[in-house]
Amino acid sequence: RNLDITGAHLASENAMMVLAPLVGRTLAHDIVHRAIVRADQKGMSLIDSLLMDSEIPENLPEQTIQAALDPSRYIGLSISLAHEMAASARRAVLA
């Protein structure tokens, strides 16, 4: 459901993390924020909005940005958190 609502915005933090080593954390945040606002205002995709930003490094391949915005590739700590919660629930049931 969240993916349907937010689309690529869901993984925008990951895009920022990809940009940060190249342009610095603050500028990466600003670039992604501008891109989200522009995408929402103009009804365009986040990838297209990011690619039109003049502060995106020219040597950063479009495929890298696309991969960073792919929610299926950005699961963060989801797996380890799920395992921890399942173990905690098992302990609670067995206690």
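The shown structure was predicted, so the numbers you read here are calculated from the model rather than taken from an experiment. Residues take numbers from 1 onward in each chain, read along the sequence in its written order. With the structure being a predicted model, the display of local features is reserved for residues of pLDDT at least 70 and the display and counting of side-chain atom pairs for 80 or more, all residues being used for whole-chain, interface and lining totals. Based on all heavy atoms of the structure, the side-chain values leave hydrogens and waters out of the count.

Colleague: Explain the overall build of the protein to me, and be specific about the residues and the numbers.
Modeller: A run of DSSP states H or I qualifies as a helix once it reaches four residues; a run of E qualifies as a strand once it reaches two. Both are numbered from the N-terminal end. Scanning the protein from terminus to terminus reveals 6 helices and 0 strands. Ordered by position from N to C terminus, the α and β elements of the protein give α-α-α-α-α-α. Buried residues are those whose accessible area, probed at 1.4 Å on protein chains only, stays under 20% of the maximum for their type, while exposed residues exceed 50% and partly exposed ones sit between those limits. For the protein, the residues scored as buried account for 26% of the 95 residues in total. The criterion used for residue contact is that any of the two residues' heavy atoms lie within 4.5 Å. Residue pairs in contact within the protein that sit at least 24 positions apart in sequence constitute 47% of those at least 6 positions apart. Only the protein chains shown count as cover for residues, and the accessible areas themselves come from Shrake-Rupley with a 1.4 Å probe. About 6,600 Å² of surface is accessible on the protein, with carbon and sulfur atoms providing 56% of the total.

Colleague: Break down the confidence of the model for the protein for me, with residues and values.
Modeller: The predictor's confidence in any single residue is recorded as pLDDT, a number from 0 to 100. For the protein, per-residue confidence averages 87 on the pLDDT scale, and residues scoring 70 or more make up 89% of the total. At the level of individual helices and strands, the protein shows its lowest average pLDDT in helix H1 (residues 2–6), which scores 52, and its highest in helix H3 (residues 25–42), which scores 95.

Colleague: Before we move on, can you summarise the side chain of Asp-53 with the specific residues and values?
Modeller: Relative to the helices and strands, Asp-53 resides in the loop between helix H4 (46–51) and helix H5 (62–68). Filtering out sequence-adjacent residues up to four positions away, Asp-53 remains in contact with Ile-31, Arg-34 and Arg-38.

Colleague: Break down the pattern of salt bridges for me, citing the residues and quoting the values.
Modeller: Salt bridge criterion: a side-chain nitrogen from Lys or Arg within 4 Å of a carboxyl oxygen from Asp or Glu. Taken as a whole, this structure holds 3 salt bridges when the rule is applied. Put simply, Asp-53 and Arg-34 hold a salt bridge, and the shortest N to O gap is 3.0 Å. You can see Asp-53 sitting in the loop between H4 and H5 and its partner Arg-34 sitting in helix H3, a full 19 residues away along the chain. Notably, a salt bridge pairs Arg-38 with Asp-53, separated by 3.6 Å at the nearest N-O pair. On the criterion of sequence distance, the pair formed by Arg-38 in helix H3 and Asp-53 in the loop between H4 and H5 is long-range, its members being 15 residues apart. Across the pair, Asp-53 and Arg-38 agree in class, each one buried. Within the structure, one salt-bridge network assembled from shared partners comprises Arg-34, Arg-38, Asp-53 and Glu-55.

Colleague: So, the nonpolar core: which residues are in play, and what are the values?
Modeller: Leu-19, Val-32, Leu-50, Ile-56, Ile-65 and Leu-69 are the most contacted members of the largest nonpolar core, which has 17 residues in total. Mapped onto this core, the elements with two or more residues apiece are helix H2 (12–23), H3, H4 and H5. With residues near it in sequence (within four places) discarded, Leu-50 still touches Ala-15, Ile-31, Val-32, Ala-35, Ile-56, Ile-65 and Leu-69. What is meant by a nonpolar core is a set of buried Ala, Val, Leu, Ile, Met, Phe, Trp, Tyr and Cys residues, joined one to another through side-chain atoms within 4.5 Å.

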